[in-house]
Amino acid sequence: MNNGVWSGTWVAERLGLELVGDTKLTDLLGLALRRNPKRAHLLVSNVLGKHVPQAPSVVYGYGFALGRRVRELLGTEEARAAVVLGYAETATGLGHSVADGIGLAPYLHSTRRPVAGVAAAGGFEEAHSHATSHLLLPEDPELLVGDGPLVLVDDEFSTGNTVLNTIRDLHERYPRRRYVVVALVDMRSAADSGRLEDFAREIGARVDLVAAASGTVSLPEGVLEKGQALVAQYETAGSRLSAAPSGLVAPRGGAAYQHSPAPLKGSGVGAEADLNVEANLSPHSLGARGTARPAPTGPHPTTEPLPGRIDRVELCWPRGLPDGGRHGFTPAHRARLENALPAMAARLAEAIPAEARRVLILGFEELMYAPLRLARELEQVADAEVRYSTTTRSPVLAVDDPGYAIRNRIVFPAHDTPADGPGERYAYNVAASTSTPGFDAVVAVVDSTADTPELHAPDGLLAQLAAHASQILLAVVPSYVPEPLYVPERPPMLPEPLRGPAFSSYPPDEVGWLLQDLSDVTLEAPTEEREEAIQSGGAHYAESLPVEYQPSEQYQELFQAALKTSATRIAQAVGAVTEIVLAERSPRPVLVSLARAGTPVGVLMRRWAQFRHGVDLPHYAVSIVRGRGIDVNALRWLAAHHDPADVVFVDGWTGKGAITRELTQAVREFEAAEGVTGFDPEIAVLADPGSCVRTYGTRADFLIPSACLNSTVSGLISRTVLRSDLVGPHDFHGAKFYRELAGADVSVDFLDAVAARFPEVTDAVDAQAKELLSGDRTPTWEGWAAVERISEEYGIHDVNLVKPGVGETTRVLLRRVPWKILARAGAGADLDHVRLLAQQRGVPVEEVGELPYTCVGLIHPRFTRGATGADGKAVAV
C-alpha cells in the first residue's frame, strides 16, 4: 500500500483485473504491465525483494517462515533427507531462505548461467517467462539423487506449468516418493490445481503445497490484447517525449504530460533511456484541472540529479564459501556464512556515510541470497533505514502512480557476459517517486563474474545509480566455481590436539586442546572499546579478546584465601559429579570440557577417576560460541577417534542455561548435517545453581575460585576465537597461549589444592552421589525464571543483560562494563573478590533480601542498545 492505495489499482482499473482470494493478497502483491506475448500483466511481490525495495527482515522472514512450515509438515527425519530447489532468477533468494527455515537440507537453485566445466544435471522450461531455459548445475551430482522429499520453491504459481515441467524432468532421472511445492502466493485456477493432483497420481508420488497466501487473478475477455495496447500506448508516449523534451504530449485519449528535466548523460532516466520516461507518465501527476506537473526521477524531483560518489568496499568474503546455491549450498556452508556475516556487515556500515538516512542493498539477478543476508545483518546495526532489492532481466513498464507497483526504472547493459548475448537489464523503484523518497546510499552487490568493464561503463549500472544517490558502494562476492570432478577437494586431515607445555601450562596428559594456536595474532582490545563494538552489533564477541585482567596483590591474596576455604567443598562436588557420570553415562567416559571455564573441572574429574577408580580417562577441551555453536571440526575429530556415546561434555557451572541450550541445538544440527549420531548434549557441571542440567555435583551457588581469574587459572589459555579470516572451514577454533603470564600462573596450584582434599571427602562423595542418583534431578530452570523477574524489577527488560551467579558476576566485572551488582544479604567470604573488583571499577554493590543466587551482575544500561545477548551479538532494549 502506498498512502493507503493498493499498488495494483492502476492496472486493475484499466484492464478489469481482479485478485480473488485471501484478504492479504493485496498486501503481498501489486500489479504492473510488461511487453510479453504470453501474459501482459505482472504480479509484483512486495515481500520478495526483487522489484520493490523492502526491509530485509521482511523478505527473509517470509521465506524462513515458509521453511519452518515445511519442516513441520515433513518432520525432522524427512526434512533431513530433503533437498530444496529454488527457481532462477526471481526465487533464488526465497528458496535459500526456505532452506534456512528447514535448517537441515541442502539448497540448489536453477540458473541461466552456464559454467564451464560443470555438467548440467537437468533442466526445464518456464512457459510464461521472458527467459525460459533453466539449468541445474550441482557441484555434487549426488545432490539430486535419493528418495528424500524435493522441495520446489518459486515466488508465485500462476498455472503450475513450471512445477510440472520440473518434476517431469527430474522424476524421470531421479524418482522420489514426495514433493513439496512452496510459494509466496498460489494463484492457480481450480483447473490448474487439479492438473497438478492428476500428475502426482500419474507418477505415483505425493505432492504437498505450502503458500503464504492463495487466490486467483480474474481475467476479463481480451485482457492480453488490451494490456499489450496499453503498454504500446505508453511506449509511444515515451518515444514522442524523446522527440519533444520540453513540450507537452498527450497519449491516445489522454491529457498532456510534462517531460521532466533532461538527466545527466548515462543516468538512464529521461528521453535517452527509452521506457525510463514512463516514470513520468502518471495521470496522477496532473494538477486538479489537468495541468501538467513534473514527476520526480531521482532524489531531487524538480532538479537535475547530481552524480554520486562511487567507492568499492571489501567484504572479505570467506575463502571457498559459495556465493549462493547455483552449485549447491549445505548447512555447513550456512554455518560459515553465519560466522562471517557480522564482520562483513560491519565493514559495510563503516563505509556508508554517517548522514545517510535511507540505504538500499541492491543485489544482482540470481545473486539474491548473499545481498539479502548482508542487508539483514546491516539492518540490525545501522541507524539508517535499510531496504533490499535486486536487478533483473525482466522488462516492466514504469508508471509513477501510487496505484502502480513499478514507479520508475533504471536501464543498463548486461554486465556478466551472458550466454544469450548482450541485452538490457533493469533496476526498479530505486529513484525517488512522487510519493516515495529516494536513497541516500546504494550498495550494489555483484559476483566477481559480473564485475566487468560494462558494470563500470558510463552507461553501466554504477553510473546509472550515481544519478540517484550521493554514495554508491560496490561490494563484490567471489563467484564460486566448483573444482573439476577428477580433482576432488579433500579437506586436510585435522591436526592432533595441542598439549602442554607447547600449548598451555597443564601437563600434556591432563588435557588435549582441539584448538589452533593464535598466540601470534593481536586480538585484544580495551574492555570499553570492545564492549561498544560488540553492543553496536559491529562485531561478534568471539572475534576479539578482552585484555587479560592482571590481578593486584590484594586480589591474589583473596584468591588464595578463597581456594583454601573452598577446596574441600569443590573436591566433594568434583567427586560427586564424576561418580554420576561413571554410573549413568559411561564406565569409561571421554571428558570433553568447554574451553575455557570447563577445562579445570574436566582435569579435576579426570584426576578423581584416577584417584578413586584407577582409570585414565581421555580429556579434551573444545570451543563453543554463543550464537555460533560448537566447533564442528572438533566433533568430527572426536567422532573419528572415540565412540560419540562415550563423550561427556563438561563445564564449570550454569547461570541462565544459555550454553546448555546452545550445545543441545549445536549437537542436533551437527548430527543432522553429518549423519553422525550418539553425542549426548547434556553437560556435566560442577555447580548447577540455575537448575539447567541433570548431571551436577551441587546446585548451590558458591565461589569456585577458578571463576575469579581468567587464563592464569586455566592453563594460560585465552577464551576461544572464531573469526572467518583466521578460522577456515577445516580449522579448529582458535585461542592464545599467554606464555608471558607464567609468573602469575596458578593453574596447576588450583588443581593440586583441590585434588589434595580427595582422600578426606571420599565418604562424603559416596553419600552425596548416592543421594543424587536416587533423587529427582529434573531441571526446573528456576534460574531462568529468576533472571526474568530481576530483569523486569530493575527496568532492564532483557534477560541477556542479567548475569546470575558468582561465576557470571565475576565475568561481568572482569570482561564487561558493569552497571551494578546485586548481592544476597548475608553473603560472606564467597563475595569478597566480587566486592573488591566492584570497588576497583566503581560499581555499586546492592544487598538484596530475597535473591536465588549469591549474587547477580547487571551490565551497564548505557551499552544495552546492542549489548551481547544469548547469540553473542547485539540485543535491543
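Scoring rules and cut-offs
- Residues numbered from 1 in each chain as written.
- Predicted model: local features only at pLDDT ≥ 70, side-chain atom pairs only at ≥ 80, totals over all residues.
- Heavy atoms only, no water.
- Helix = DSSP H or I, 4+ residues; strand = E, 2+ residues; numbered from the N terminus.
- Buried < 20%, exposed > 50% of the residue type's maximum accessible area, 1.4 Å probe, protein only.
- Contact = heavy atoms within 4.5 Å.
- Areas by Shrake-Rupley, 256 points an atom, 1.4 Å probe, with all protein chains shown as cover.
- Expected span 1.5 Å × (residues − 1).
- Bend = angle between axes of the 7 residues up to and from the residue.
- Axes fitted to C-alpha atoms, helices over the stretch in contact; angles between N-to-C directions.
- Parallel < 35°, antiparallel > 145°, perpendicular 65-115°, else oblique.
- Nonpolar A, V, L, I, M, F, W, Y, C, P; charged D, E, K, R; others polar.
- Pairing = 2+ DSSP bridges.
- Right-handed = clockwise from strand over helix to strand, strands pointing away.
- Phe/Tyr/Trp six-rings, centres within 6.5 Å; stacked < 30°, edge-to-face > 60°.
- Lys NZ or Arg CZ within 6 Å of the ring centre and 35° of its normal.
- Salt bridge = Lys/Arg side-chain N within 4 Å of Asp/Glu carboxyl O.
- Left-handed = near helix turned anticlockwise from the far one by under 90°.

A.B. asks: Would you mind showing me how to read the overall build of the protein chain here?
C.D. replies: Summing up its helical and strand segments, the protein chain has 21 helices and 37 strands in all. Counting all 877 residues of the protein chain, 60% fall into the buried class. When contacts within the protein chain are restricted to residue pairs at least 6 apart in sequence, long-range pairs at least 24 apart make up 76% of them. With the model as given, the accessible surface of the protein chain reaches about 32600 Å², and the carbon-plus-sulfur share is 51%.

A.B. asks: Would you mind showing me how to read helix 13 (residues 553–584) here?
C.D. replies: Note on helix geometry: an α-helix contains 3.6 residues per turn, so any two residues three or four positions apart are oriented the same way. The first and last C-alpha atoms of helix 13 sit 43 Å apart over 32 residues, in line with the 46 Å expected at 1.5 Å per residue. Approximately 55° is the largest bend angle found in helix 13, and it occurs at S566.

A.B. asks: Hey, could you run me through the packing of helix 14 (residues 598–613) against helix 18 (residues 758–774) in this one?
C.D. replies: The relative placement of two packed helices comes down to the angle between their axes together with the axis-to-axis distance. Running from N to C, helix 14 and helix 18 point in directions that differ by 90°, and their axes come no closer than 12 Å. Relative to helix 18, the element helix 14 lies roughly perpendicular. Contacts from L604, R607, W608, F611 and R612 of helix 14 reach helix 18 at F758, P759, V761, T762, V765 and D766. In the contact of helix 14 with helix 18, the residues fall into seven nonpolar, one polar and three charged.

A.B. asks: Can you walk me through the pairing of strand 8 (residues 150–157) in this structure?
C.D. replies: Both faces of the sheet carry side chains from a regular strand, because those side chains alternate between them. Burial runs high along strand 8: eight of the eight residues are buried. Relative to strand 8, strand 4 (residues 83–86) runs parallel, the two being bridged by four bridges. Looking across to strand 8, one finds that V84 is bridged to V151. As judged from the seven bridges shared by strand 8 and strand 9 (residues 178–186), these two strands associate in the parallel manner. Counted as the bridge partner of L150 is Y179 from strand 9. Crossover handedness for the path strand 8 to helix 5 (residues 161–173) to strand 9: right-handed.

A.B. asks: Help me understand helix 3 (residues 56–81), please; the structure alone is not making it clear to me.
C.D. replies: Over its 26 residues, helix 3 extends only 29 Å from the first C-alpha to the last, a length that falls short of the 38 Å expected when each residue adds 1.5 Å. Bending of helix 3 peaks at approximately 110° at the position of G75. Listed as buried for helix 3 are P56, V59, Y60, G63, L66, G67, V70, L74 and A79. Buried positions along helix 3 lie against helix 4 (92–102), strand 8, strand 9, strand 10 (206–218), helix 9 (369–381) and strand 15 (385–391).

A.B. asks: Would you mind going over the side chain of T660 with me for this structure?
C.D. replies: Relative to the helices and strands, T660 resides in helix 16 (residues 658–674). With sequence-adjacent residues up to four places away left out, T660 is seen in contact with T654, I683, C692, V693 and W781.

A.B. asks: Looking at this structure, I do not really get the side chain of S566. What am I missing?
C.D. replies: Mapping S566 onto the fold places it in helix 13. Residue contacts for S566: discarding those within four places in its chain leaves L703 and P705.

A.B. asks: Even after reading the chapter, I still don't get the packing of aromatic side chains, so can you show me in this structure?
C.D. replies: A ring pair, where both rings are aromatic, is described by two values, the distance of the centres and the angle of the planes. All told, the structure shown has 13 aromatic pairs when counted by the stated rule. With centroids separated by 6.0 Å and ring planes inclined at 70°, the aromatic side chains of F329 and Y369 adopt a geometry described as edge-to-face. Note that F329 is positioned in the loop between strand 13 (309–312) and helix 8 (331–351) and Y369 in helix 9, a separation of 40 residues in sequence. Across the pair, Y369 and F329 agree in class, each one buried. For the ring pair F670 and F679, a centre distance of 6.1 Å and an interplane angle of 70° mean the geometry is edge-to-face. Take F670 and F679: they sit in the same class, and that class is buried. Grouped by ring-pair contacts, the aromatic residues F503, Y506, W513 and F737 constitute a single cluster. Over the face of the ring belonging to F439 we find R358, whose NZ or CZ atom lies 4.4 Å from the ring centre. The ring of W819 carries the charged tip of K820 above its face, separated from the ring centre by 4.6 Å.

A.B. asks: Before we go on, may I ask you to explain the pattern of salt bridges in this structure?
C.D. replies: If the charged atoms of two oppositely charged side chains come close together, the side chains can form a pair. Using the criterion set out here, one finds 36 salt bridges in the structure. Linking R607 and D752 is a salt bridge whose minimum nitrogen-to-oxygen distance equals 2.8 Å. Of this pair, R607 sits in helix 14 while D752 sits in helix 17 (residues 747–755), and the two are 145 residues apart along the sequence. What makes D752 partly exposed here is its relative accessible area of 39%. Between D832 and R835 there is a salt bridge, and its shortest N-O distance comes to 3.5 Å. With a gap of three residues between them, D832 and R835 both fall in helix 21 (residues 832–841), about one helical turn apart. The exposure class of D832 is partly exposed, given its relative accessible area of 33%. Through salt bridges with shared partners, a single network forms among E510, R606, R607, D616 and D752.

A.B. asks: Just to check I follow, could you spell out the packing of helix 13 against helix 18 for this structure?
C.D. replies: Closest axis-to-axis distance for the helix 13/helix 18 pair is 8 Å, and the angle between their directions is 50°. Accordingly, the angle class assigned to the pair helix 13 and helix 18 is oblique. For the crossing formed where helix 13 meets helix 18, the hand is right-handed. Facing T568, A571, Q572, V574, G575, A576, E579, I580, A583 and E584 of helix 13, the residues of helix 18 in contact are F758, E760, V761, A764, V765, Q768, A769, L772 and L773.

A.B. asks: When you look at unusual backbone geometry in this model, what are you seeing that I'm missing?
C.D. replies: The omega torsion across G500 and P501 is 5°, close enough to zero to call that bond cis. Note that P501 resides in the loop between strand 19 (471–477) and strand 20 (512–513). Despite not being glycine, C316 shows a phi value in the positive range, around 60°. Structurally, C316 can be placed in the loop between strand 13 and helix 8. The partly exposed category is assigned to C316, whose relative accessible area is 44%.

A.B. asks: Before we go on, may I ask you to explain the sheet that holds strand 14 (residues 358–364) in this structure?
C.D. replies: Within a sheet, each strand pairs with its neighbour through backbone hydrogen bonds, oriented either parallel or antiparallel. Taken together, five strands build an open sheet; the order of strands is 13-19-18-14-15 and the sheet is parallel. Bordering the open sheet on either side are strand 13 and strand 15, each of which pairs with just one other strand. Going across the sheet, the axis of each strand differs from the next one's by a mean of 20°, ignoring polarity. Pairing geometry for strand 14 and strand 18 (residues 441–447), over four bridges, is parallel. Pairing of L362 across the sheet is with A444, part of strand 18. Where helix 9 meets the sheet, it contacts strand 14, strand 15 and strand 18, and its direction lies at approximately 175° from that of strand 15.

A.B. asks: Explain the sheet that holds strand 33 (residues 818–824) here, please?
C.D. replies: Pairing is mixed in the open sheet, where four strands are placed in the order 32-35-33-34. Two strands close off the open sheet at either side, each with one partner strand: strand 32 (802–804) and strand 34 (845–848). Looking at each pair of strands side by side, their axes are set apart by 25° on average, direction ignored. Looking at chain direction, strand 32 and strand 35 (residues 855–859) are connected through three bridges and run antiparallel. The residue bridging P804 from the neighbouring strand is V856, located in strand 35. Across the sheet, helix 19 (residues 782–793) lies against strand 32, strand 33 and strand 35, angled at about 140° from strand 32, the strand it touches most.

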